[in-house]
Each structure stands twice: as C-alpha cells, then as structure tokens.
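# Structure at a glance
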Amino acid sequence: MIHSIFTDVEQALRNQESFLIGDRNVQTIKKTEIVSRIIHHFSGHDLLWFKKNAVWLTESLKSKHEFEPGKVAAAVKSFLRQYQNYHACEEFKNCSLELLASKLNIDSRCLDEKINPGFIAFAKKNYLYNSLETYNHQLLVDETTFEIKIKYRNEYIPWGHAKRIIDGFLQENEQKNKLNEPCSPCLYGRKGIQNKDRYNWENLKSFLKGDVANWADHFIKDPLIFDDNNEGYIMEFCSSATEKAPRILAGDHTWIRLYQFKKTDEKIIGKMHSIGLYRPSKHHFFIDNFWMPFRIKQGYITQDISEEWGINTQIRTVAKRITATTYQKIMTKVANDKKINRTIFHLFQHNCDEYVVKLAELDLLELPTKRHFLKLFTCIHLEKSFFNQLNEWSKPVRMAVAVILGIFCVFGYLMTPFLNLIFYLIGSGRVDTSIQDPTARPVLSSFADLFNMEKLYVYSPWVLGHIVKDDVEHWRQEEIKKLGNSKEEQEKKNEILFDFPPHLYRT
C-alpha cells in the first residue's frame, strides 16, 4: 500500500496532475479536477495546498523506516520541480533540505550552515549524491556534533579541512577561466575530493574498473556473451533527456559507455570508459549565450562526461554487444580526435548526439536521430505535453490536431530559405575565431545552402533516448516472444538481448 502511494504521487506529478493527501492515517491520494485546480490557483488555495503536501512529503522523507526511499525521493523531486515558484516558502526550503539529506543518506541536521559551512552549496553544485552512489562511497557523521567527514585521497577528513582544499582548487580554476582556458572541473572522484579537468587528458583512462559486481551487476544478471577468449565488450548509448519534450538548447545530452569484461575462474573483472563531446564552459554570460549562438565552436572530447553530474531527468540507456575489433576502433578514433584537436561543435549539426552517431557507425549502426527542428520542437512537444493528457474518447480531437500540425510542418518546409536566413544571422554562417583548424567550415557556407533543408535538421539526444531506445526494446521483446525454451533458442534470446534490430544496421 505504502509503495503504491508514492508511485501514484510520482506519476501524477510527471503527468502534471494535481493530487491531495486525504486522511493522514489512511494515506490516500485524490487527484483534483482541472476546474478545481484553476479555482484554487486564483483563490489562493493553491499555496495552502502546496504547503500541506510539502509538509507531508517532508515527514515521509524523515520516516525512512516506513517507506521505500527511492519512491519517496522521486515523488518529492518531481513535486519540488513542478512548484519551483514557491521556492521562497519555508515549507519548500525544508522539503528541499530533507530531500538532499535523504540523497546523501545523512541526517538533515548535518546541513546546518553553522555546523558544516558551505557543504550544502558544494553538495548541490557538484551533485555529490550522484558521485557517492557511483563510487559506492558514504559520508561519515559525528552522531553528537553532526559534523561531516568526507573522502580525500581515500582517507576521511573533516569537512572544514576539505573545504579549505576545495577553495584552493576553485582559485586554480578561476585563474584558468581568466586566461580563457576551457575548464570543466570535477571536484569528487574515485578517491574522494579531487581537482580533475575533464578537458585536460592525454590517455583514455577508465572511469570504473575492477570487480564488476561493484558497478555493473546488471550485466552480470543479464546473459552477457563472452567470446572464445572469455572476454566481452559492450557499447552503451546514454541519453539524459526529459520525458516531456526535447530540450536540445537547454541540457539534453548524449554520450557512450564502453565496457570491457574478462571472465576468470573466480569472478568477472572489467573496466568502463565514459566518453562524450561537449562545448567549452560558458565563462562569458553574454558572448557564450547570446552572441552568435549558432556559430561553429571548438568541441571537446571529454571523459566521465555526465556520470557525476546531477541530471534532472532519468538517464536512459540501451546497450549492445560489440566485438574486440569494434571496441578498439572506437578507442582509437576517440584518442585520435583528442590528439589532433579538430573536433568542432554546433548546436544542431555537430553536437554530442552527432558524435555518438559517428562512433556507432564504426559498428555499422545507423542511428536515426536526425529530425527537422520544426518537427522536433513543435509536434513532439505538443504530442508529449498535450496529446497524452487526452482521454481515449478524444481521438477525433487528437487526429484533428495532428492534421493541423502536419500542415504547419509542411508550411515550415516551404519556408526553408527564410528559416536558414534567420539561423545565418545568429551565427550559422560563422566559425569561432578561437578555432585553429583551417578545414572548419560554417554550417551555411554558400548562398545555395539557404535552400538546403538538411541544414535545418537536428541531431537529437531526445530521439536517441526515447524513440530509438523504445524501438530497440520493442524489437527485442517481439523477437524473444517468437522463441521457445530449447537450449539453442535460449542462446538466441541471449544474443537478442544485446543486439539491435536489422533495420538499424547499414545495408
């Protein structure tokens, strides 16, 4: 009963539906009708409703022994994100702090600024809870004083000492920023507090390595296929993209994980590389955000990209078995791209998703992640935010809206020269002066390009994380249904679980 309640709460919030907590002892959920919500909003009852539920969810987070922590945290996270306009309310602040304490697995009293000054800011900005979970670390807490100890070079040190070390790292990074050197610092890693720059590397180092049971148990539980040398290679496509609609200009991202496993008589050991393409850090607010935002910029191959970041959306992954040859091809290409430093970045044409698509081509995959930007930012958005709210009886309305959107897209296609001209004026005809590569060309480099519809297509992390992933998983389910339980068919099932449908392979 308790678990299903928080599943319902999270689902209601994900669908932007309201809910009310009934009898405190019964813990019932009642979703309000849209008319009631409008009346509540204009009558001031909406704030009272928010405060009531914020208090209830805060108490639920504290009662760790009563509820499943993951369900509660997910519901509270969705709740606070949806009602950020009440961030100044005391109830919002209390709920937010309790959520942070829950993620860090510490008592909320540890978040008192007088006891551990600056810790909240560090934990939030560097998404410490993600790193602790990734590396299977924990914080030590003095049960009397609630002072925190954190890892540094594999040893626990008091937070006060750690803060002085971190402040020194921040000063170093600030000096780099003043020199306009791209810097993407990672202040917590495998050994604890560190000052690692994701941009500054020469050799590919594994993100995780050692006993697979500590970080890749999902590959142990699933039938992992080894070759004749008892080795296995996996390429995993990762996408952090909101469920509602694409946000390519506001945080959607794609990268890959490369796994190498070795099976011994005692256990399975392995290592994992996490690789992605990113643009330079934004040091100058106006220049990097508003001055010719569609110009060609310098792209940077990064390690550990997004693994320790706080992603506001679930990371959607789909894995595929590859050969040792393909694995080595990908590793070699990434190393060469970093060495020659000729990787460029563009929001639409040369972004993180396009780089992943190129890496997939080394395994003869053709990932269909390109979409016309009008289809991506209008039709898909309205479909996810509006269509899914309609009931089954409203299919005629759904069809009518789909026809209207289709006409709109066709009209947009006919407007190709005008749309390309707009993008040209905001940078698509320029190359950043910082790029030293003489072969770099702008997206729109000639008058004929204004009439080229391909220039309006976007490589979308959202499409990879939702459409392509769902397509692969649906194909796997349908293929497995066709097979029986014989030994040969069971082996075939194992292959299908780490394969992609034939239509995604290059013909």
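Presented here is a report on the structure given in the accompanying data block. (Residues numbered from 1 in each chain as written. Predicted model: local features only at pLDDT ≥ 70, side-chain atom pairs only at ≥ 80, totals over all residues. Heavy atoms only, no water.)

### A look at the pairing of strand 10 (residues 253–263)
The criterion, for reference: A simple rule labels every residue: compare its accessible area, found with a 1.4 Å probe on the protein chains alone, to the largest value its type can have, and call it buried under 20%, exposed over 50%, or partly exposed in between. Here a helix means four or more residues in a row that DSSP labels H or I, a strand means two or more in a row labelled E, and each is numbered from the N terminus. Strand pairing is defined by DSSP finding a minimum of two bridges between the two strands.
Burial analysis of strand 10 places 9 of its 11 residues in the buried class, which makes it a mostly covered element. Between strand 10 and strand 11 (residues 268–278), which pair antiparallel and follow one another directly, the connecting turn spans 4 residues.

### So, the pattern of salt bridges
The cut-off we apply is this: Any Lys or Arg side-chain nitrogen found within 4 Å of a carboxyl oxygen on Asp or Glu counts as a salt bridge.
Applying the stated criterion across every chain, the model contains 15 salt bridges. Measuring nitrogen to oxygen at the nearest pair gives 3.2 Å for the salt bridge that ties Lys163 to Asp167. Of the two residues, Lys163 and Asp167 are both situated in helix 8 (residues 159–178); the distance of 4 residues between them amounts to about one turn of the helix. A relative accessible area of 28% places Lys163 in the partly exposed class. On the accessibility criterion, Asp167 (32% relative accessible area) is partly exposed. Notably, a salt bridge pairs Glu236 with Arg257, separated by 3.2 Å at the nearest N-O pair. With Glu236 in strand 9 (residues 231–240) and Arg257 in strand 10, this residue pair connects regions lying 21 residues apart in the sequence. By relative accessible area, which is 4% here, Glu236 ends up buried.

### With respect to helix 11 (residues 324–340)
Keep this limit in mind: Between the first and last residue of a helix there are one fewer steps than residues, each counted as 1.5 Å, and that sum is the expected span. Directions from the helix axis toward the C-beta atoms define the arc. Contacts are assigned to residue pairs that have any heavy atoms within 4.5 Å of one another.
In a regular helix each residue adds 1.5 Å, so 17 residues correspond to 24 Å; helix 11 covers 24 Å between its end C-alpha atoms and thus fits that length. Inspection of helix 11 places Thr326, Tyr327, Ile330, Met331, Val334 and Asp337 among the buried residues, and these make up the whole buried set. Projected down its long axis, helix 11 carries its buried residues within an arc of 135°, all on one side. For helix 11, the exposed residues set more than 90 degrees away from the buried face come down to Thr325, Lys339 and Ile340. In this structure, the buried side of helix 11 is in contact with strand 9, strand 10, strand 11, strand 13 (300–303), strand 14 (315–322) and helix 12 (352–361). Of the residues flanking the end of helix 11, it is Asn341, one or two places downstream, whose phi is positive at about 55°.

### Observations concerning the packing of aromatic side chains
This is how it is decided: Note on ring pairs: Phe, Tyr and Trp rings are taken, using the six-membered ring of Trp, and paired if centres are within 6.5 Å. Classes follow the plane angle, with under 30 degrees stacked, over 60 edge-to-face and the rest tilted. By definition here, charges over rings are those cases where NZ of Lys or CZ of Arg is within 6 Å of the ring centre and within 35 degrees of the ring normal.
Taken as a whole and judged by the stated rule, the model has 19 aromatic pairs. On the numbers, 5.9 Å between centres and 55° between planes, the contact of Phe237 with Phe500 is tilted. Here Phe500 lies in the segment after helix 17 (487–496) and Phe237 lies in strand 9, a separation of 263 residues in the sequence. We note that Phe237, like Phe500, is buried. Relative to Phe423, the ring of Phe373 lies with its centre 5.3 Å away and its plane at 80°, an arrangement referred to as edge-to-face. Within this pair, whereas Phe373 is found in helix 13 (residues 373–385), its partner Phe423 is found in helix 15 (residues 416–428), the two being separated by 50 residues in sequence. By the burial criterion, Phe373 is buried, and Phe423 matches it. Through a chain of ring-to-ring contacts, three or more aromatic side chains come together here, namely Trp215, Phe219, Tyr259, Phe261 and Phe498. One Lys or Arg, Lys103, reaches over the ring of Tyr129 and ends 4.5 Å from the middle of that ring.

### Points about helix 7 (residues 128–135)
The element helix 7 is largely enclosed, with a buried count of 6 among its 8 residues. Within the sequence span of helix 7, burial applies to Leu128, Tyr129, Asn130, Ser131, Leu132 and Tyr135. The secondary structure elements touched by the buried residues of helix 7 are helix 5 (90–104), helix 6 (119–125), strand 4 (148–152), strand 6 (185–189) and strand 8 (208–211).

### Topic: the environment of Lys455
Positionally, Lys455 belongs in the loop between helix 15 and strand 17 (457–459). Note on Lys455: relative accessible area 22%, which makes it partly exposed. Separated by 32 residues in sequence, Lys455 and Phe423 have C-alpha atoms that sit 9.5 Å apart. With near-sequence residues (within four places) excluded, Lys455 lies in contact with Gln349, Asn420, Val443, Leu444 and Asp449.

### Quick notes on the pairing of strand 9
Taken residue by residue, a regular strand's side chains alternate between the two faces of the sheet. Along strand 9, 9 of the 10 residues are buried, which leaves the element largely enclosed by surrounding structure. Summarising the sheet, strand 9 and strand 10 pair through 10 bridges and their orientation is antiparallel. What sits directly across from Glu231, in strand 10, is Lys262. Pairing analysis gives 8 bridges linking strand 9 to strand 14, with the strands arranged antiparallel. Within the sheet, the bridge partner assigned to Cys238 lies in strand 14 and is Thr317.

### Description of the environment of Leu376
Looking at where Leu376 falls in the secondary structure, it is placed in helix 13. When the C-alpha positions of Leu376 and Val458 are compared, they lie 8.1 Å apart, and in sequence the two are 82 residues distant.

### A look at the sheet that holds strand 4
Spatially, 3-4-5 is the arrangement adopted by the 3 strands of the open sheet, whose pairing is antiparallel. One side of each edge strand has no neighbouring strand; the edge strands of this open sheet are strand 3 (140–141) and strand 5 (155–158). With 4 bridges joining them, strand 4 and strand 5 adopt antiparallel strand pairing. Bridged to Tyr152 within strand 5 is Glu155.

### Re the environment of Ile322
Checked against the element boundaries, Ile322 lands in strand 14. Take Ile322: its relative accessible area is 4%, and that puts it in the buried class. Those residues within four positions of Ile322 in sequence are excluded, and the remaining contacts are Tyr233, Ile234, Met235, Leu258, Tyr327, Ile330 and Asp363.

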